[in-house]
Amino acid sequence: MTELDLNRPDMAALGRQAVDMLADWLDTLEKSPASDYSPPDGLAERLRRPPAAGPGHFGELAETFLRAAGQGVNTAGPGYLAYFPAGGLYSAALAELLANAANRYTGLAQMSPALVAMEHGVLTWLCGQFGLPPGAGGVTTSGGSTATLSAVLAARQSRLGDDLSGATLYVTGHTHHCVAKAARICGLPAAAVREVPMTDDLRMDVRAAAGLIAADRAKGLRPFLLAGTAGTTGTGTIDPLPEAADLAAREGLWFHVDAAYGGGFQLTERGRPLLTGMERADSIALDPHKSMFLPYGTGVLLVRDPATLHAAHADGGDYLQDLAAMDGLPDFANLGVELTREFRGLRLWLPLHLHGVDAFTRELEEKLDLAAVVHRELAADPRFSVPWRPDLTVVVFRLRDGDDERNRRLLQEINDGGQIYLSSTNVQGRLYLRLCVLSFRTHARHVDRALEIIRAAADVC
Ligand SMILES: *Cc1c(COP(=O)(O)O)cnc(C)c1O
């Protein structure tokens, strides 16, 4: 055994110490500030200290990490209601420990057929949840942005081949910027990204999209992709997916649905009808690190026809000549941008099997209920303007009287209190505060407290 190869007693001792320290730290989340920028004594120096030639002390090193993790915005805590909270399931962290210590290679199936089957099983199950046909598949990614990149690349390859001239794709002003970024990485100029107007309820105006596509065709341009969003980042709004699917089919466009946030709600009875139309997508981007409570770095791309992903990504080299494709198992390296990849499959598989799917469903239903409470309570308070009923769990609101500056002060006042953390966005040219209930640690008592804090802040702004 070398110094790097721990013996069994050390493995057990360090593991126990790590778990104990972590459990204590997680216990403090409820009471920890929602954001903390106070300079902690001596931490800055410890963070930047170069590694010594000799061994360090595990307890001290882990302590440094936990103190560092307490700085900034407490994204794991129950008061985190900004952007997209997920929490980060402990069971997924255990899955990481197992997967990383085993360190099997899952980019090419022959290297690890059973683990690839495990990950493939989860992806196939997800395809089924969304009503994609048998034979559909996908790949896990680092998140929604990289899932979208592979989707746009597959769409480009499928609809345009190597000739990118005049290519255009269609988004709205509320489409996540990762679609335009993906287009840019795929070699398309900024002008290729065409912005479709939205209706007053913040959804894609599909008739306007049809008009824009027809006008572009008349100019000799080559429309190839329509991107609908199932839960926009700003307001959580779901585009009219069936109408968008019709339009894409009529025009021969690739239909991508960005369900990075909203996709998880397919597991709920209330969410499913709202997400109808996704079963007609060519590609679906999901972020289990949002609506499935998994740790950051967990994205999924599902595609109707994995051959399209393969055509866009597959490559090889003499150094890979010993590895043959295996019947019925995907070579994930040929479906995405990574050759060497972490095994994300267990991070999905273990929590789903350990807790059971119903636990996820119930958790998401609770979030839908809590967002409805927030909407109802704020809408009942005459001081607030709350124009859009949430489709899912994002509520946007602003003070009825006052300009953006006053609303910015309101946000500041709320966040300065340190118990909750909200963000803001702009809708129809005005600043709105934005509250998203999504963490598995956020429950009714936290939402009640958030409402109290918001009301009290409005009194003094
Ligand atoms: C978060 C989000 C993305 C980007 O996903 P990352 O995981 O942050 O890369 C894309 N689309 C939507 C709708 C999102 O909410």
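Residues numbered from 1 in each chain as written. Predicted model: local features only at pLDDT ≥ 70, side-chain atom pairs only at ≥ 80, totals over all residues. Heavy atoms only, no water.

The chain has the name Pyridoxal phosphate-dependent decarboxylase family protein in an unreviewed UniProt entry, where Nonomuraea salmonea is given as its organism. Recorded in UniProt under Cofactor (unreviewed entry), the annotation for the chain is "pyridoxal 5'-phosphate". (UniProt positions renumbered as here; feature names shortened; annotations may be inferred.)

Trainee: So what exactly am I meant to see when it comes to the sheet that holds strand β5 (residues 193-196) here?
Mentor: Spatially, 7 strands are ordered β3-β9-β8-β7-β6-β4-β5 in an open sheet, and the strand pairing comes out mixed. Strands with a single pairing partner mark the edges of an open sheet, and in this sheet they are β3 (137-141) and β5. In this sheet, adjacent strand axes meet at a mean angle of 20 degrees when their direction is disregarded. The strands that helix α7 (residues 177-185) touches are β4 (167-172), β5, β6 (222-229) and β7 (254-259); relative to β4, the one it contacts most, it runs at about 165 degrees. (Pairing = 2+ DSSP bridges. Helix = DSSP H or I, 4+ residues; strand = E, 2+ residues; numbered from the N terminus. Axes fitted to C-alpha atoms, helices over the stretch in contact; angles between N-to-C directions. Contact = heavy atoms within 4.5 Å.)

Trainee: It is not clear to me how the layout of surface pockets should be interpreted in this structure. Could you clarify?
Mentor: With a probe scaled to a water molecule rolled over the atoms, the places where space remains empty come into view. Estimates place the volume of the largest pocket at around 1,200 Å³. What lines the largest pocket is a set of 37 residues, among which Leu22, Phe65, Tyr90, Ala93 and Leu94 lie closest to the centre. Listing elements by their share of the lining of the largest pocket, those giving two or more residues are α1 (8-28), α3 (58-69) and α4 (90-102). Considering each element in turn, the lining of the largest pocket owes the most residues, 9 residues, to α1. Partitioning the lining of the largest pocket into residue classes produces 28 nonpolar, 7 polar and 2 charged. Considered as a void within the structure, the second largest pocket measures approximately 320 Å³ in volume. Lining the second largest pocket are Arg46, Arg49, Pro50, Pro51, Ala52, Gly54, Pro55, Gly56, His57, Glu60, Leu61 and Thr64. Considering only residue class, the lining of the second largest pocket consists of 5 nonpolar, 4 polar and 3 charged. (1 Å grid on protein atoms, 1.4 Å probe; cavity = no way out; pocket = protein on both sides within 12 Å on 5 of 7 lines; lining within 4 Å. Points joined across faces, edges and corners; volume = space filled by probe spheres on them. Nonpolar A, V, L, I, M, F, W, Y, C, P; charged D, E, K, R; others polar.)

Trainee: Can you help me understand helix α6 (residues 144-160) in this one?
Mentor: Each turn of an α-helix holds 3.6 residues, which means side chains three or four residues apart point in the same direction. An ideal rise of 1.5 Å per residue puts 24 Å on 17 residues; α6 measures up with 23 Å between its terminal C-alpha atoms. Judged by how many residues are buried, α6 sits mostly within the fold: 12 of 17 residues are covered. Among the residues of α6, those classed as buried are Gly144, Ala147, Thr148, Leu149, Ser150, Ala151, Val152, Leu153, Ala154, Ala155, Arg156 and Leu160. With its phi angle positive at about 65 degrees, Gly161 sits one or two positions after the end of α6. (Expected span 1.5 Å × (residues − 1). Buried < 20%, exposed > 50% of the residue type's maximum accessible area, 1.4 Å probe, protein only.)

Trainee: Got a minute to help me understand the packing of aromatic side chains in this structure?
Mentor: Between two aromatic rings, the relevant description is the distance of the centres plus the angle of the planes. On inspection of all chains with the given rule, the structure shows 7 aromatic pairs. Where Phe84 meets Tyr261, the ring centres are 4.4 Å apart and the plane angle is 25 degrees; that geometry is what we call stacked. In this pair, Phe84 sits in the loop between β2 (72-73) and α4 while Tyr261 sits in the loop between β7 and α10 (271-274), placing the two residues 177 residues apart along the sequence. The buried category is assigned to Phe84, whose relative accessible area is 8%. Every member of this aromatic cluster is reached through a ring pair, and the members are Phe84, Tyr261 and Phe265. The ring of Phe84 carries Arg434 above its face, with NZ or CZ at 4.9 Å from the centroid. (Phe/Tyr/Trp six-rings, centres within 6.5 Å; stacked < 30°, edge-to-face > 60°. Lys NZ or Arg CZ within 6 Å of the ring centre and 35° of its normal.)

Trainee: Quick question: what am I supposed to make of the sheet that holds strand β12 (residues 423-427) here?
Mentor: With antiparallel pairing, 4 strands are arranged side by side in an open sheet as β10-β11-β13-β12. Here the strands that pair on one side only, and so sit at the sheet edges, are β10 (384-385) and β12. When β12 meets strand β13 (residues 430-436), the two strands line up antiparallel, connected through 5 bridges. Residue pairing across strands places Asn426 opposite Leu431, the latter belonging to β13.

Trainee: When you look at the site of the ligand in this model, what are you seeing that I'm missing?
Mentor: As a matter of local geometry, the ligand sits amid 14 residues, with Gly144, Ser145, Asp258, Asp287 and Lys290 nearest to it. Here Gly144 contributes a backbone N or O atom positioned 2.8 Å from an oxygen atom of the ligand. Asp287 is positioned with one of its side-chain polar atoms (N or O) 2.6 Å from an oxygen atom of the ligand. When the ligand sits alone it has 380 Å² of accessible area, and the protein chains cover 85% of it. Elements represented by at least two residues in the shell around the ligand include exactly α6 and α11 (288-291). Broken down by class, the residue content of the shell around the ligand amounts to 4 nonpolar, 7 polar and 3 charged. (Near = heavy atom within 4 Å. Polar contact = N/O pair within 3.5 Å; in protein donor to acceptor, adjacent residues only side chain to side chain. Areas by Shrake-Rupley, 256 points an atom, 1.4 Å probe, with all protein chains shown as cover.)

Trainee: Please clarify how the side chain of Asn407 should be interpreted in this entry.
Mentor: When you line up the elements, Asn407 lands in helix α15 (residues 404-416). Within polar-contact distance, the side chain of Asn407 engages the backbone oxygen of Asp403 at 3.1 Å. The residues touching Asn407, leaving out its near neighbours within four places in the chain, are Arg398, Leu399, Gly402, Leu431 and Leu433.

Trainee: Whenever I open this one, empty space enclosed by the protein confuses me. Can you help?
Mentor: A complete count under the given rule lists 2 cavities of 30 Å³ or more for this structure. The volume enclosed by the largest cavity comes to roughly 90 Å³. If you trace the largest cavity, you find 14 residues lining it, with Phe130, Gly263, Gly264, Leu286 and Met292 closest to the centre. Only α5 (113-129) and α11 provide two or more residues apiece to the lining of the largest cavity. Residue classes in the lining of the largest cavity are distributed as 8 nonpolar, 5 polar and 1 charged. Its volume calculated, the second largest cavity comes out at about 50 Å³. In this structure, the second largest cavity is lined by Phe84, His176, Thr229, Gly231, Thr232, Thr233, Asp258, Ala260, Tyr261 and Lys290.

Trainee: What's the story with the pattern of salt bridges in this structure? I'm lost.
Mentor: Oppositely charged side chains are able to pair whenever their charged atoms sit close together. Enumeration over the complete set of coordinates arrives at 25 salt bridges. The closest approach of N and O atoms between Glu377 and Arg455, which form a salt bridge, is 2.8 Å. Residue Glu377 is found in helix α14 (residues 357-380), and its partner Arg455 is found in helix α16 (residues 444-460); the two are separated by 78 residues along the sequence. Accessibility expressed as a relative area gives 27% for Glu377, which makes it partly exposed. (Salt bridge = Lys/Arg side-chain N within 4 Å of Asp/Glu carboxyl O.)

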